[in-house]
Amino acid sequence: MLAIGDISMTAAPPDIAELAREHYAAVFRFCAQRVGGQNAADAAQDTFLTAQRALSGFKGRSDIKTWLLGIAHNSCRKLARDRRLQPVPLEFIEPPEGLPSEARLVDREALRSAFAKLTPEHRHVVILKEIEGMSYEECGLILGIPAGTVKSRLHHAFQLMRKSLGDPTGELK
Amino acid sequence: MSRRDDIKAYLDGELPGDRAMAVAETLQTDTGARSVADGYRAISTTLRLAVDNTKVSGLEETLAAIANPRGAQAVARSPQLPWYRRTGALYGWAAAFLVFGFLILPSLVPHSGDDSTPIGSSVGGGRVDPNKVPVADQKMIEDSNAQMDAQSKAGAPRNAIGYTGVLGGERAGMAAAPMAPPSAPSAPVASPRLVVRTGTLGVYAKDIDRARTTITDLTRGYGGFVESSSADNEADANPIVSMTIRVPVDRFDDAVRVISSLGKVFQEDLNGQDVTTTVVDDEARLKTLRAEEDDLRDILSHARSISEILAVRDRLTDIRSQIETIDAERQNLRGQAQMSSLAVTLEHAPAAPVQVAPLPEKPWMVSAWTRATGRTSAVIKFFVILFLNILSNLPILLPVGFLVWYFVRKNRNSRVY
């Protein structure tokens, strides 16, 4: 996997086909979370075509995957706008063995409902942080916002979800 | 910022050391904060169970598109909305309709009449819409319309000024009170109306000299006179004789009927003007002025200074001038009302028109080309007008368009997925 150091030390820009083979699956899943599986292929393809045009301008200030996901984020926005797509509902798997006991999980149907009530901005940071497992810094780079804003949005998103789930201490202060 | 606001960042390991330590201490001492942290952990753990089960696909198509970027559209699988249904196109349609509706349409549609049409226009013979005049005049107009309808149903012919009572009534033998409405038999008897009757009559006559003689004799027989008579092209085969005759007003319609019977009428224009009010007004003004004149003469007889005498004489001269002017007008109107005027033109009937052979029909391709170029020029004209309208309204449209674009953009970005 190419990282920041790889790009900066490489004289020529990386081959886009190689990048596509390496990161297509991640980009596709990222897009599927936002525009659904049926549209994810189109969004992913648009992402790599955009990356192909913009690759010469890539300065290596971030990880190449983060850069690609930033492009994918914009492609998904454009696709959702053009096709007037609705938010994709969360799908959960059964908790695997070894996870914390059921008492430390919340009701998944209630969480799906609480998640659906969030604004797009809050949903984006929750997906990137909790589902994609990215750092605040990476989330900020993808969304084009400072890390402090990511932290604030996450805090408010979790407060709102707690409130929707019926926890009285989740009220905003 | 409260310690609880940092709980989520603390759980994610995104807090710097000192703040992380402070939050850790809070979690140990504050049960509420601990409860919040537990809730966040549970939500976070559950969210990580969220997956997308869609099978990854499309890599080969993407690689092909990368290899041939121009063919990228061909490998896109999901059909996009047609261009005219996309969001931008919808706003474009809306803008086009607005431009057409507010800028173009008003310039294409002619104005539907002037609401300030005076009531007097009803003299032209048409109905007047009572809704388009002040309330005070509506009753009068409705009465007038009803009267016209009644006359129309009765088959009465309408003369050039739209008043059917005069000509129709008199031709039926109703010579007396010519301006009295025929449908008001129970109305109180008014003073005789003074109507100035004038008309123009054009007749194709076979024998023009004989017709001229007949008209002259007829005029004299009615107690009238020939005011003027002239003949053009008398030596030609098609002479034209123009005469103006004056006949008593009660014989006007008889004269018209007799002259019309001399040949084929090709022009008939008969008018009537009620001058009763004008004459009555003149007489009232005369009465007042004469009384004032008598008073001034009385004052003059008692005047002692030269200045008084001059002032009164000036005023007397002025009054006398007014009296003579008004009296002359009154007598002239009375004379016109007594002796109607009829202009008669006598001509030979024109020869049958020469049949002109129709032009040969153009080939269908030429006709089609002519029509097509005509339509093209109309379309070009339309777009030029549209462009000029937009250009002239640009100072208004630009700020409005920018605001719309800004809010649409803002709204769109906040609601997508």
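In this convention, every chain numbers its residues from 1, walking through the sequence in written order. To label them, take the chains in the order written and letter them from A, then take the ligands in the order written and number them from 1. Local features in this predicted model are restricted to residues of pLDDT 70 or higher, and side-chain atom pairs are both shown and tallied only at a pLDDT of 80 or more, whereas totals for entire chains, interfaces and linings draw on every residue. To obtain the side-chain values, all non-hydrogen atoms of the structure were used and water was disregarded.

With respect to the overall build of chain B
When you go through chain B residue by residue, the secondary structure sums to 14 helices and five strands. Counting across all 417 residues of chain B, residues that qualify as buried make up 31%. The contact definition used throughout considers only heavy atoms, calling two residues in contact when any of these lie within 4.5 Å. A separation threshold of at least 6 residues defines the contact pool for chain B, and within that pool the share at least 24 residues apart is 66%. The Shrake-Rupley method, run with a 1.4 Å probe, gives the accessible areas here. Residue values count only the displayed protein chains as cover. In the form shown here, chain B has an accessible surface area of approximately 26600 Å², with 59% of it arising from carbon and sulfur atoms. Runs of H or I in DSSP of at least four residues are treated as helices and runs of E of at least two as strands, each being numbered from the N terminus. Note on classification: 1.4 Å probe, protein chains only; a residue is buried when its accessible area is under 20% of the maximum for its type, exposed when over 50%, partly exposed between these limits.

What about the nonpolar core?
Of all hydrophobic cores here, the largest spans 72 residues; its most connected members are Val126 and Met161 of chain A. Considering every element that reaches this core, the biggest residue donor is helix H2 (residues 16-35) of chain A, with eleven residues. Every residue in contact with Met161 of chain A, bar those within four places of it in the chain, is listed here: Leu111, Ala114, Phe115, Leu118 and Val126 of chain A together with Ile43 and Leu47 of chain B. The set of buried Ala, Val, Leu, Ile, Met, Phe, Trp, Tyr and Cys residues whose side-chain atoms join them within 4.5 Å is what this entry labels a nonpolar core. Among the nonpolar cores identified, the runner-up in size contains 20 residues, and Ala211, Ile245, Ile259 and Leu270 of chain B belong to it.

A closer look at unusual backbone geometry
One non-glycine residue, Arg84 of chain A, adopts positive backbone phi at about 50°. Among the secondary structure elements, Arg84 of chain A is positioned in the loop between helix H4 (64-83) and helix H5 (108-116).

What about the packing of helix H11 (residues 276-302) of chain B against helix H12 (residues 306-338) of chain B?
Residues and elements named next belong to chain B. Orientation of H11 relative to H12, taken along the N-to-C sense of each, is 155°, at an axis distance of 9 Å. It follows from the interaxial angle that H11 and H12 lie roughly antiparallel. Crossing angle aside, the handedness with which H11 passes H12 is left-handed. Split into classes, the residues belonging to the contact of H11 with H12 amount to 13 nonpolar, two polar and 14 charged. Lines fitted to C-alpha atoms define the axes here, with helix axes fitted over just the stretch in contact, and angles between the N-to-C directions of these axes take values from 0 to 180 degrees. Here is the rule for angles: anything less than 35 degrees is roughly parallel, anything more than 145 is roughly antiparallel, 65 through 115 is roughly perpendicular, and the remaining ranges are oblique. Crossing handedness: left-handed means the near helix sits turned counterclockwise from the far one by under a right angle, and right-handed means the same turn made clockwise. Only Asp, Glu, Lys and Arg are considered charged, only Ala, Val, Leu, Ile, Met, Phe, Trp, Tyr, Cys and Pro nonpolar, and every remaining residue, Gly among them, polar.

Some remarks on a nonpolar patch on the surface
Residues and elements named next belong to chain B. The patches reported here contain residues having more than 30% relative accessible area and no salt bridge. Joining distances are 9 Å for like charges and 5 Å for nonpolar side chains (Val, Leu, Ile, Met, Phe, Trp, Tyr). Salt-bridge detection follows one rule: a side-chain nitrogen of Lys or Arg within 4 Å of a carboxyl oxygen of Asp or Glu. Together, Ile380, Val384, Phe387, Leu388, Leu391, Leu394, Leu397 and Leu398 make up an exposed nonpolar region whose accessible area comes to about 710 Å². Contributing elements (two or more residues each) for the nonpolar patch: helix H13 (364-392) and helix H14 (394-415). With five residues, H13 is the single largest residue contributor to the nonpolar patch. By the element assignment, Phe387 lies in helix H13.

Re the confidence of the model for chain B
Any segment with low pLDDT has predicted coordinates that should not be analysed in fine detail. Residue and element names in this part refer to chain B. With 70% of its residues at a pLDDT of 70 or more, chain B shows a mean pLDDT of 75. A residue's pLDDT is simply how confident the predictor is in it, with values from 0 to 100. The low-confidence segment residues 73-78, where pLDDT is below 50, has 14 contacts with residues more than four positions distant or belonging to other chains. Counted against residues more than four places away or in other chains, residues 112-145, with its pLDDT under 50, gives 28 contacts. In the model output, the complex is listed with pTM 0.42 alongside ipTM 0.80.

A few points about the environment of Glu308 of chain B
By the element assignment, Glu308 of chain B lies in helix H12. In protein, a polar contact means a hydrogen-donor-capable atom and an acceptor-capable atom, both N or O and within 3.5 Å, with residues adjacent in sequence counting only if both atoms are side-chain atoms; elsewhere, any N or O pair within 3.5 Å suffices. Polar side-chain contacts of Glu308 of chain B include one of 3.4 Å to the backbone nitrogen of Arg304 of chain B.

Quick notes on the packing of aromatic side chains
Two rings from Phe, Tyr or Trp (for Trp, the six-membered ring) form a pair when their centres sit within 6.5 Å of each other. Planes less than 30 degrees apart are called stacked, planes more than 60 degrees apart edge-to-face, and all others tilted. Taken as a whole, this structure holds eight aromatic pairs over all chains when the rule is applied. With 5.9 Å between their ring centres and 25° between their planes, Tyr24 of chain A and Phe48 of chain A make a pair best called stacked. Taken together, the residues span a long stretch of sequence, with Tyr24 of chain A in helix H2 and Phe48 of chain A in helix H3 (residues 37-54) at a distance of 24 residues. Across the pair, Phe48 of chain A and Tyr24 of chain A agree in class, each one buried. With a centroid separation of 6.0 Å and an interplanar angle of 35°, the aromatic rings of Phe402 of chain B and Trp405 of chain B are classed as tilted.

Digging into the pattern of salt bridges
Residues and elements named next belong to chain B. Scanning the entire structure with this criterion turns up 23 salt bridges over all chains. Measuring nitrogen to oxygen at the nearest pair gives 3.7 Å for the salt bridge that ties Asp209 to Arg212. Here Arg212 and Asp209 lie together in helix H9 (residues 208-221), a separation of three residues that amounts to about one turn. With a relative accessible area of 47%, Asp209 lands in the partly exposed category. In this structure, Glu283 and Arg330 form a salt bridge, with 3.4 Å as the shortest nitrogen-oxygen distance. One end of the pair, Glu283, is in helix H11; the other, Arg330, is in helix H12, with 47 residues separating them in the sequence.

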